[in-house]
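In case you want the letters, here they are:
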Amino acid sequence: MNIIKRITVVAGICLTFCSAASYSKEYKIVLIHGFQPQQLIVDGDVTASGQNYWQGYWNNLSDARIDWPSYERIEGKIATDYVWPKLKSFSESNFCTPGCIFVTHSTGDLVARYIIDNQETWLENAGLAPLNIVATFDIAGAGGGSELADVAVSVAEGTETWSFVIEAALEAWLGGDLGDEMGVLNDLKVNNARQLAPLPDARIPRLRFVGDASEYLGVTSPFIQGNDDGVVGTHSSCGANRQARYGSCSTGIALNGKIAQQGNAVNGFMPYHYPMLMGKAYSHGSLLEPQQQGKVTAASNQKNLLSGESIYFDTYTKTTGWWLWKSNYLYVENSNDDSMSTLIYDAIPN
């Protein structure tokens with residue numbers, strides 16, 4: 001074999017193996033949106049609504065979406081008519097062979113938990129291979145439910161006395177009056193949410209990203225236990241194993257990044273739930289947007305995916321004040337310029 005042929009063969013072999021190695025790290029990003037209150041009044045196009053939900057930042061960075069209607073229940077038609085066809089398609093096309101990361105927002109966290117608990121059984125019963133889900137990135141996760149759903153359902157059922165304060169909170173959150181359909185609001189009630197697939201066998205890491213500001217001028221906060229992002233409390237977004245008035249996801253770091261003992265922090269988590277980033281200035285909705293809202297801190301700056309690869313956030317410490325009034329703050333690098341969603345996406349191994 002002459003030298004030119006040797007070089008060609010070696011280059012071809014290298015290209016083959018390099019491409020395979022690169023492909024093995026190209027995780028597929030699957031989006032699962034949250035509750036869409038307008039669908040309780042007008043059904044609309046589920047696919048179009050799903051696409052519109054993610055337009056701010058994530059839609060063009062994803063590989064697939066699992067869209068579902070808010071007027072249905074998770075264990076009912078959401079699972080059978082919307083989730084199952086997607087999972088079947090993913091398995092048949094080997095879509096998740098390189099590894100899938102589910103990026104969820106709000107109630108998407110609860111939908112993902114139901115998927116994690118059931119997908120292996122569903123697919124194997126259909127003669128198909130289970131999906132290789134290496135992690136979920138749960139942004140403003142509602143897996144622990146929202147007290148606002150409890151209020152809304154109680155009002156609709158007539159068990160809650162109507163008041164101006166309740167009206168203001170529900171109108172701010174829902175964008176209008178309650179319709180006849182409650183749909184996924186029933187699943188979002190705190191007790192119901194916490195009883196839905198609470199202990200999946202799969203050891204898929206659920207990485208949590210948390211906000212602490214309200215886009216509703218604070219009118220919803222009196223109904224939510226602990227610190228909140230306007231829709232869910234930290235007991236839900238941090239992944240706590242019980243409902244309580246928590247003020248941080250970390251016992252040593254406040255939501256604003258101050259390094260200090262946190263007496264009201266979450267002290268127990270649901271299985272494989274790991275809080276990562278916390279943003280004091282981010283609300284439930286702004287966590288998904290490309291605009292930077294304020295500096296971000298890290299409850300934890302590193303966690304392994306199920307594949308063994310690591311997601312990592314660089315951090316630095318800043319000291320403010322002087323002498324007895326000196327305080328230390330932990331911040332994530334680039335969070336003074338980049339949005340929370342940008343920080344999350346940039347940390348995904350590729």
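Residues numbered from 1 in each chain as written. Predicted model: local features only at pLDDT ≥ 70, side-chain atom pairs only at ≥ 80, totals over all residues. Heavy atoms only, no water.

Caption draft 1: Broad picture of the sheet that holds strand E3 (residues 100-105). Strands sit in the order E2-E1-E3-E4-E5-E6-E7 across an open sheet of 7 strands; the sheet is mixed. A strand with exactly one partner marks an edge of an open sheet, and here the two such strands are strand E2 (64-66) and strand E7 (297-298). Bridge count between strand E1 (residues 28-32) and E2: 3 bridges; the pairing is parallel. The residue bridging isoleucine 32 from the neighbouring strand is isoleucine 66, located in E2. Lying on the sheet, helix H10 (residues 340-347) is in contact with E1, strand E4 (133-139), strand E5 (206-213) and strand E6 (273-283); it crosses E6 at an angle near 150°. (Pairing = 2+ DSSP bridges. Helix = DSSP H or I, 4+ residues; strand = E, 2+ residues; numbered from the N terminus. Contact = heavy atoms within 4.5 Å. Axes fitted to C-alpha atoms, helices over the stretch in contact; angles between N-to-C directions.)

Caption draft 2: Local environment of the state of the cysteines. Enumeration according to the criterion identifies 2 disulfides in this entry. Paired through a disulfide, cysteine 96 and cysteine 100 show a sulfur-sulfur distance of 2.0 Å. Handedness here is read from the sign of the S-S torsion; for cysteine 96 and cysteine 100, about -85°, the answer is left-handed. In this model, cysteine 238 is linked to cysteine 249 through a disulfide, with the two sulfur atoms separated by 1.9 Å. Between cysteine 238 and cysteine 249 the sulfur-sulfur dihedral comes to about -75°; the bridge is accordingly left-handed. Here the residue cysteine 238 occupies a position in the loop between helix H9 (234-237) and E6, and cysteine 249 occupies one in the loop between H9 and E6, the gap between them amounting to 11 residues. (Disulfide = S-S within 2.5 Å.)

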